[in-house]
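# Summary of the model geometry
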Amino acid sequence: MKFRGIADELRAAILAGKYPPGSRLPGENDLMERYGAARMTVRAALDVLKNEGLAWSRRGSGVYVRDDRLIRRLPPQRVRGDAQETCAPRWKTDPSSLSLTIDSVDVIEQETPEHVARVLGMPSQSRVWARKRRNLVDGRPVMLCVSFFPARLAVGTPLTKINPGPGGVYARLRELGKPAVVFREEIRARMPQGDEVTALQLEPGTPLMVVARTAFTGNGEPVELTEMTMDAGSYVLEYEFPAQP
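Notes on the structure follow. Only a predicted model underlies this, so the values are computations on that prediction, with no experimental measurement involved.

Right, let's get into a nonpolar patch on the surface. A surface patch of nonpolar side chains, about 230 Å² in accessible area, is lined by Ile102, Val105 and Ile162. Relative to the helices and strands, isoleucine 162 is located in the loop between helix H6 (151–154) and helix H7 (168–175). Under the relative-accessibility criterion, isoleucine 162 is labelled exposed at 55%.

Here's what the structure looks like:
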């Protein structure tokens, strides 16, 4: 099929470095003229590259080669000491070249979702405070994040504020006598649901990685559940741990 031939040539050009990461691919009109193809054929070829994770659309601007600098998430470093805020995106190298921001911050009290109640050991009719935000890299959404705290623990504290104060939420938990000393993470992959495609500006067929992190006190009490929903094409999850004898 003609669109596959066009996709093959564009893919080869990308892999050869003719179109470096972040560069704009030729527009539909240019490709139509170059290959003598219909617009729908050219669009199908570009969709192949997007579905393969090699390119992505920038609304109103065109199709660009996906930046191959993956976000390398380092879980131990993120929660060690006075972490300023859970879910902050981290790059392992050269962070000065990137714009890392959090937007759409929202803090609300709500009924406890069933799966959250199960993880936090709460009754199904209980309440939680949810801290919701979206992470951007160079202005592009890459993660949706929500942290749940039992309402009985969070009510009347800075945990319910958009800015929880110096040291972030873990410093506030220490002040409440509930320091987080052990973290457990569960990771799974799935396809996006509901508004996630729009919120993360995902190309069709892009999978997600979902990391559920539970924070426990020294006596095993769960005090926080954070769910991080990531564009799988943008992240590498890196873990380092000692070998057991």
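Here the narrative resumes.
The next point concerns the sheet that holds strand E6 (residues 140–150). Across the sheet, 6 strands lie side by side as E4-E5-E6-E9-E8-E7; this open sheet has antiparallel pairing. The sheet is open, and its two borders are formed by strand E4 (100–111) and strand E7 (182–190), each paired with just one other strand. Averaged over all adjacent pairs, the angle separating strand axes in this sheet is 15 degrees, with direction ignored. Relative to strand E9 (residues 222–231), E6 runs antiparallel, the two sharing 6 bridges. Note on E9: the bridge partner recorded for cysteine 145 is methionine 228.

What follows is about the nonpolar core. Counting 19 residues, the largest nonpolar core has Leu10, Tyr19, Leu25 and Leu46 as the members making the most contacts within it. Elements with a contribution of two residues or more to this core: helix H1 (2–15), helix H2 (28–35), helix H3 (39–51) and strand E2 (62–65). Broken down by element, this core gets its largest block of residues, 6 residues, from H1. What leucine 10 contacts, discounting residues up to four positions off in sequence, is Tyr19, Leu31, Leu46 and Leu49. Grouped together as the second largest cluster of nonpolar side chains are 12 residues, Val107, Ala151, Ala154 and Val223 included.

Within the secondary structure layout, alanine 55 lies in strand E1 (residues 55–58). Its relative accessible area of 0% is what places alanine 55 among the buried residues. A sequence separation of 12 residues divides alanine 55 from aspartate 67, and the C-alpha atoms of the two residues are 8.5 Å apart. Setting aside chain neighbours within four positions, we find alanine 55 in contact with Leu25, Leu49, Lys50, Val63, Tyr64, Val65, Arg66 and Glu203.

What counts, and where the lines are drawn
Residues numbered from 1 in each chain as written. Predicted model: local features only at pLDDT ≥ 70, side-chain atom pairs only at ≥ 80, totals over all residues. Heavy atoms only, no water. Patch = residues over 30% accessible without salt bridge, like charges linked within 9 Å, V, L, I, M, F, W, Y side chains within 5 Å. Areas by Shrake-Rupley, 256 points an atom, 1.4 Å probe, with all protein chains shown as cover. Salt bridge = Lys/Arg side-chain N within 4 Å of Asp/Glu carboxyl O. Helix = DSSP H or I, 4+ residues; strand = E, 2+ residues; numbered from the N terminus. Buried < 20%, exposed > 50% of the residue type's maximum accessible area, 1.4 Å probe, protein only. Pairing = 2+ DSSP bridges. Axes fitted to C-alpha atoms, helices over the stretch in contact; angles between N-to-C directions. Core = buried A, V, L, I, M, F, W, Y, C linked by side-chain atoms within 4.5 Å. Contact = heavy atoms within 4.5 Å.

Keep in mind that these numbers describe shape and distance, not what the molecule does.
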